[in-house]
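# Structural overview for review
This is what each chain is made of:
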Amino acid sequence: MEKITGAEAMMRSLEAQGVDVLFGYPGGAIMPTYDALYDHKSTLHHILVRHEQAATHAAQGYARVSGKVGCCIVTSGPGAMNTITGVADAMVDSTPLVVICGQVGAAMLGTDAFQEVDVVGVTQPITKWNYQIRRAEDIAWAVARAFYIASSGRPGPVVLDFTKNAQTAMIEYQPQTVDFIRSYNPVPPTADGSIEAAAKMINESVKPFMLVGQGVELGGASQELLELCEKAQIPFGTTFLGLSAAPTDHPLNMGKLGMHGNLAPNVMTNQCDLLIAVGMRFDDRVTGNLKNYAKQAKIIHFDIDPSEINKNVKVDLAVLGDCKQTLAQVSALVEKATHKSWIDGFKPYDEKEYNKVINPALNPTEGPILMGEVVRKVSEAANNEAILVTDVGQNQMFGCRYFKFTKPRSVVTSGGCGTMGFGIPAAIGATFGAPDRTVCMFCGDGGFQMTIQELGTIMEQQCPVKMILLNNNFLGNVRQWQYMFFNKRYSFTPMANPDFEKIAAGYGIPCRTVINREDLDDAIHEMLTTDGPFLLQCAVMEEDNVLPMTPPGGNVDEMLLEVK
């Protein structure tokens, strides 16, 4: 067979895995691989980011909207360390990611050589698997294994530490595939009787309620979910990352769960007699005070990851396995039902929230522009078909509350880690993962400046990201907590901001600033009809608050509808 370098073997292995887009940044220890990449530009589209953390977030955005594995490539030492935040973010949010890091030669490992860091040791707690490739002969095997682990079962990140000698050595290359690992069971078997037991509990329930997590989208099970809920007339609420698993306007969709979710699904969690969790991990922002969480209800937990069962909430029945299959199996056994009075019980809470919170947020008649009205206007102007990308903070909460969804894989946000700076690079990745869809990225002035350098990536690639900067001159989410719980002591949350229009102009990105409400509709239309990227800066109310809100440590049915 033909002999090639390890670097060339890496390129061919990535192609064999179906990789078409790479996000990365070159450097000394990965230079042989970048040299090989030069000859694969027609098949491996490399996106040069401006910071390695952005490479991971862009790969996350790509993965979340495409359903494929996101891939990025960086150098050793500080380059690899700059990916750590993105790797951890991908781990907690179950995003399939393969990060390839350059490393010093195997003979120099452990010598504190220039730009040497123990990447394997550092990333072990925040990856599904990591591996140091010390021999070129191991490349095809390691890459195939990495992509299989990242994408199978509960997805997550994998890190490959690629030594320089393995990149330069000559080998006879043979592509490999991996679809089985003896010590790895990505889809656990469904226990005998659990399907029948789940159906029986649903059939006997008078007040069932379902919690829909991202696992439904990861498993491609949106149709199966709706078939079960419609047959048994089970109302449901969605988690942050599960928002687009079902259409926003579905009659059984009662809204968003959690600290800044909707009033009705949170209150009714503590009134149902059967709580059915699907592909979610009972995060503390969803459960509030665990001591008083759904104590009146029996609980069924559908999940692909056995480690999530009874981790935070003790359940009465676990249904392990791929939810696309298990939901369909349960649906075949459940009886048709109505539960009309139970479903009608959500309406008074919906009306109360609408009158107290939603209507004032979406239909103000005077005063500064509000974040909620901007989000809803953008969503509707895009026919509620766009992909929502958010940064972290109030922009994220308002974005997820008031954006509407009609298609799956339409939410890209940092859930478990809450990573500020996530928005811009994740939106870049989303434009490559779903090039036929509109990508709307909401960001605050704080998070925007954490990865503002990625405007250079947008400029170079002409990524058609529609950036909506909700500028309130504050670190808004922290300010809200200071307002509510720290006696309005705004300790280092006010921000002196630069002229964002001039910055956008420097990158050749069209920009428009809106101060007056009467200009908002026209500006949104201009943004959405402009080819390529666009920055829409909205001067919003400085002390706007995200409501409702469950106070930290509070019960889910004790949401605040106003602050004093």
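Look up a bit, the structure's there.
What this report covers is the structure whose coordinates are included nearby.

## Brief notes about the pattern of salt bridges
In total, this model carries 21 salt bridges according to the counting rule given. One salt bridge connects Glu-2 with Arg-12, and the closest N-O pair in it is separated by 3.7 Å. One end of the pair, Glu-2, is in the segment before strand E1 (3-5); the other, Arg-12, is in helix H1 (residues 6-16), and 10 residues separate them in sequence. Residue classification places Arg-12 among the partly exposed positions, given a relative accessible area of 28%. Lys-324 is the partner of Glu-224 in a salt bridge, and the nearest nitrogen-oxygen pair spans 3.0 Å. Here the residue Glu-224 occupies a position in helix H11 (residues 222-232), and Lys-324 occupies one in helix H14 (residues 323-333), the gap between them amounting to 100 residues. Residues participating in the shared-partner salt-bridge network are Arg-154, Asp-305, Glu-308 and Lys-311.

## Thoughts on the side chain of Asn-253
Looking at where Asn-253 falls in the secondary structure, it is placed in strand E11 (residues 253-256). Looking at Asn-253, the relative accessible area reads 13%, which means it is buried. A polar side-chain atom of Asn-253 sits 3.1 Å from the main-chain carbonyl oxygen of Pro-247. Among residues more than four places away in sequence, those in contact with Asn-253 are Phe-236, Thr-238, Ala-246, Pro-247 and Thr-248.

## Considerations on the nonpolar core
Core analysis: the largest hydrophobic core is formed by 54 residues, its most contacted members being Met-210, Leu-275, Phe-282 and Ile-300. The contact partners of Phe-282, leaving out residues within four places of it in the chain, are Leu-211, Leu-275, Ala-277, Thr-287, Tyr-293, Ile-299, His-301, Asn-312, Val-313 and Val-315. In this structure, Phe-422, Ile-424, Phe-432 and Met-467 belong to the second largest nonpolar core, which totals 48 residues.

## Remarks on helix H9 (residues 194-204)
Regarding H9, the residues found buried are Ser-194, Ile-195, Ala-198, Ala-199, Met-201 and Ile-202. Taken down its axis, H9 places every buried residue within 160 degrees of arc, on the same side. Packed against the buried residues of H9 are H11, strand E12 (274-278), strand E13 (298-303), strand E14 (317-320) and H14.

## Some details on the environment of Cys-229
Structurally, Cys-229 is set in helix H11. Classification of Cys-229 as buried rests on a relative accessible area of 0%. In sequence terms Cys-229 and Leu-327 are 98 residues apart; their C-alpha atoms lie 9.8 Å from each other. Once residues within four sequence positions are removed from consideration, Cys-229 is found in contact with Met-210, Ile-234, Phe-236 and Leu-252.

## Concerning the pairing of strand E2 (residues 21-24)
Because side chains alternate across E2, one face comprises the buried residues Val-21 and Phe-23, and the other comprises Leu-22 and Gly-24, equally buried. Bridge analysis of E2 against strand E3 (residues 45-48) gives four bridges, and the strand direction is parallel. For Val-21, the partnering residue across the bridge sits in E3 and is His-45. Between E2 and its parallel partner E3, the chain crosses via helix H2 (residues 31-37), and the hand of that crossover is right-handed. Where E2 meets strand E4 (residues 70-74), two bridges bridge the pair, whose relative direction is parallel. Bridge pairing in E4 places Phe-23 opposite Cys-72.

## Considering helix H18 (residues 394-402)
When you tally the buried positions in H18, you get nine out of nine residues, the bulk of the element. Of all the residues in H18, the buried ones are Gln-394, Asn-395, Gln-396, Met-397, Phe-398, Gly-399, Cys-400, Arg-401 and Tyr-402.

## Considering the side chain of Thr-238
Structurally, the position occupied by Thr-238 is in strand E10 (residues 236-238). Those residues in contact with Thr-238, other than ones at most four positions away along the chain, are Val-212, Leu-243, Asn-253, Gly-255, Lys-256 and Leu-257.

## A few points about the sheet that holds E10
In spatial order, the strands read E11-E10-E9-E12-E13-E14; together these six strands make up an open sheet with parallel pairing. Both edges of this open sheet fall to E11 and E14, since each of them pairs with a single strand only. For this sheet, the mean inter-axis angle between neighbouring strands, taken without regard to orientation, is 20 degrees. Against the sheet, H11 touches strand E9 (208-212) and E10, its axis set at about 170 degrees to E9. Sheet strands touched by H14: E12, E13 and E14. Its angle to E13, the strand with the most contacts, is close to 135 degrees.

What counts as what
- Residues numbered from 1 in each chain as written.
- Predicted model: local features only at pLDDT ≥ 70, side-chain atom pairs only at ≥ 80, totals over all residues.
- Heavy atoms only, no water.
- Salt bridge = Lys/Arg side-chain N within 4 Å of Asp/Glu carboxyl O.
- Helix = DSSP H or I, 4+ residues; strand = E, 2+ residues; numbered from the N terminus.
- Buried < 20%, exposed > 50% of the residue type's maximum accessible area, 1.4 Å probe, protein only.
- Polar contact = N/O pair within 3.5 Å; in protein donor to acceptor, adjacent residues only side chain to side chain.
- Contact = heavy atoms within 4.5 Å.
- Core = buried A, V, L, I, M, F, W, Y, C linked by side-chain atoms within 4.5 Å.
- Arc of directions from axis to C-beta.
- Pairing = 2+ DSSP bridges.
- Right-handed = clockwise from strand over helix to strand, strands pointing away.
- Axes fitted to C-alpha atoms, helices over the stretch in contact; angles between N-to-C directions.

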